[in-house]
Amino acid sequence: MGGTKKALPRRLVTMAAAALMAAGLSIAGSGTASAADYYYELPYPAGEAYTVSQGPEGTFSHTGPYNEYAWDFALPANYEVSATQGGQILVSDWSPYWQNGIEVIIRHSNGTCTHYAHLNRAIYNAGAWVPQGRVIGWSGKTGAATDYHLHYQVINCSTRVGISSTLQGWVPRTGSRPVSVNTRA
């Protein structure tokens, strides 16, 4: 009969696939998810909203392959920065690229990494596993930052090149104030 099927919410499908992968199973025919198909929460606590001071393809510093898909969130000084998805911390220290200042890079189950830059402090050591929502550092203005904020993006783990992605299923633009659903872990 000509009925319509309801699609499962993307987050539910992603969680089920992650559980299968953790158990050593895979879904036939499925490949590694792209960043656009992977659900990332906002990098601050649930119920809070902060201004996107510069969104993807911004004209100030979000140009070129390394930053074109990045967001700058106008977080106050020394404010908690949360993991947008669970994963293993690859970098948690001063960046070899001075412009980034103190940074955290987390590798996720889909093979991508998230990058958090200009922190005043990173909490965990490389190698630690953190769940989504865990506070991983404190916002700052280290490196080339001119004011307190968080520079956030999804990147290729090997090259640090930015990858087009969404936050909570959409692309917050410059000037917007997205409300987080990222529950503390």
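In what follows, the structure referred to is the one given above.
Residue positions are counted from 1 within each chain, in the order its sequence is given. Side-chain atom pairs in this predicted model are given and counted only at pLDDT of 80 or more, local residue features only at pLDDT of at least 70, and totals for whole chains, interfaces and linings cover all residues. Side-chain numbers here rest on the full set of heavy atoms in the structure, without hydrogens or water.

J.: Now, about the state of the cysteines: what can you tell me, with residues and values included?
T.: Two cysteine sulfurs form a disulfide in these notes if their separation is within 2.5 Å. Counted under the stated rule, the structure contains one disulfide. Paired through a disulfide, Cys-113 and Cys-157 show a sulfur-sulfur distance of 2.0 Å. Around the S-S axis, the bridge from Cys-113 to Cys-157 shows a dihedral of about 110 degrees and counts as right-handed. Placement of Cys-113 in strand β6 (residues 112-119) and of Cys-157 in the segment after β10 (150-156) is noted, with a sequence separation of 44 residues between them. In this structure, Cys-113 and Cys-157 share a single accessibility class: buried. Only DSSP runs of H or I reaching four residues or more are called helices, and only runs of E reaching two or more are called strands; each is numbered from the N terminus. Relative accessibility decides the category of a residue: with a 1.4 Å probe and only protein chains considered, values under 20% of the type maximum give buried, values over 50% give exposed, and everything between is partly exposed.

J.: How would you explain the packing of aromatic side chains if you had to name every residue and give the values?
T.: Note on ring pairs: Phe, Tyr and Trp rings are taken, using the six-membered ring of Trp, and paired if centres are within 6.5 Å. Classes follow the plane angle, with under 30 degrees stacked, over 60 edge-to-face and the rest tilted. Scanning the entire structure with this criterion turns up five aromatic pairs. A centroid spacing of 5.6 Å and a plane angle of 55 degrees characterise the contact between Tyr-50 and Tyr-79, whose relative ring orientation is tilted. A residue pair is termed long-range when its members are at least 10 positions apart, and Tyr-50 in the loop between α1 (10-22) and β1 (52-54) and Tyr-79 in the loop between β2 (71-73) and β3 (80-82) qualify at 29 residues. Looking at Tyr-79, the relative accessible area reads 18%, which means it is buried.

J.: Go over the sheet that holds strand β8 (residues 129-130), please, and point to the residues and values.
T.: By definition, two strands form a pair when at least two bridges between them are found by DSSP. If you trace the seven strands from one edge of the open sheet to the other, you get β1-β2-β10-β6-β5-β4-β8, paired in antiparallel fashion. Strand pairing shows two members of the sheet lacking a second neighbour, β1 and β8, which therefore form its edges. Where strand β4 (residues 87-94) meets strand β5 (residues 102-107), six bridges bridge the pair, whose relative direction is antiparallel. Each bridged residue has a counterpart across the sheet, and for Ser-92 the counterpart in β5 is Val-104.

J.: Break down the nonpolar core for me, with residues and values.
T.: Formed by 24 residues in total, the largest nonpolar core has its most connected members in Phe-73, Leu-75, Ile-106, Tyr-116, Ile-136 and Tyr-152. Mapped onto this core, the elements with two or more residues apiece are β2, β5, β6 and β10. If near-sequence neighbours (up to four positions away) are discounted, Phe-73 is found in contact with Leu-42, Pro-43, Tyr-44, Tyr-50, Thr-51, Val-52, Ser-53, His-149, Leu-150, Tyr-152, Leu-167 and Pro-178. Each nonpolar core is a collection of buried residues, namely Ala, Val, Leu, Ile, Met, Phe, Trp, Tyr and Cys, held together in the definition by side-chain atoms within 4.5 Å. Residues count as neighbours in contact if any of their non-hydrogen atoms are within 4.5 Å of one another.

J.: Break down the side chain of His-115 for me, citing the residues and quoting the values.
T.: For His-115, the location among the structural elements is in strand β6. For His-115, a relative accessible area of 3% translates into the label buried. A distance of 2.7 Å separates the side chain of His-115 from the side chain of Glu-103, its partner in a polar contact. When near neighbours in sequence (up to four residues on either side) are disregarded, His-115 contacts Asn-100, Glu-103, Val-104, Ile-105, His-151, Tyr-152, Gln-153, Ile-155 and Arg-160. N or O atoms closer than or at 3.5 Å make up a polar contact, with two conditions inside protein: a donor-capable atom paired with an acceptor-capable one, and, for residues adjacent in sequence, both atoms drawn from side chains.

J.: Give a description of the environment of Gln-85 that names residues and reports values.
T.: Examined against the element boundaries, Gln-85 turns out to sit in the loop between β3 and β4. Using a relative accessible area of 18% as the deciding quantity, one classes Gln-85 as buried. Along the primary structure Gln-85 and Leu-42 are separated by 43 residues, whereas in three dimensions their C-alpha atoms are 9.2 Å apart. At 2.6 Å, the side chain of Gln-85 forms a polar contact with the backbone oxygen of Tyr-39.

J.: Report on the pattern of salt bridges, specifying residues and quantitative values.
T.: What makes a salt bridge here is a side-chain nitrogen of Lys or Arg within 4 Å of a carboxyl oxygen of Asp or Glu, nothing more. Following the criterion strictly, the structure yields two salt bridges and no others. Across the pair Glu-80 and Arg-184 runs a salt bridge, and its minimum N-O distance is 2.8 Å. With Glu-80 in strand β3 and Arg-184 in the segment after β10, this residue pair connects regions lying 104 residues apart in the sequence. Assessed through its relative accessible area of 12%, Glu-80 is described here as buried.

The values are spatial; any link to function lies outside them.
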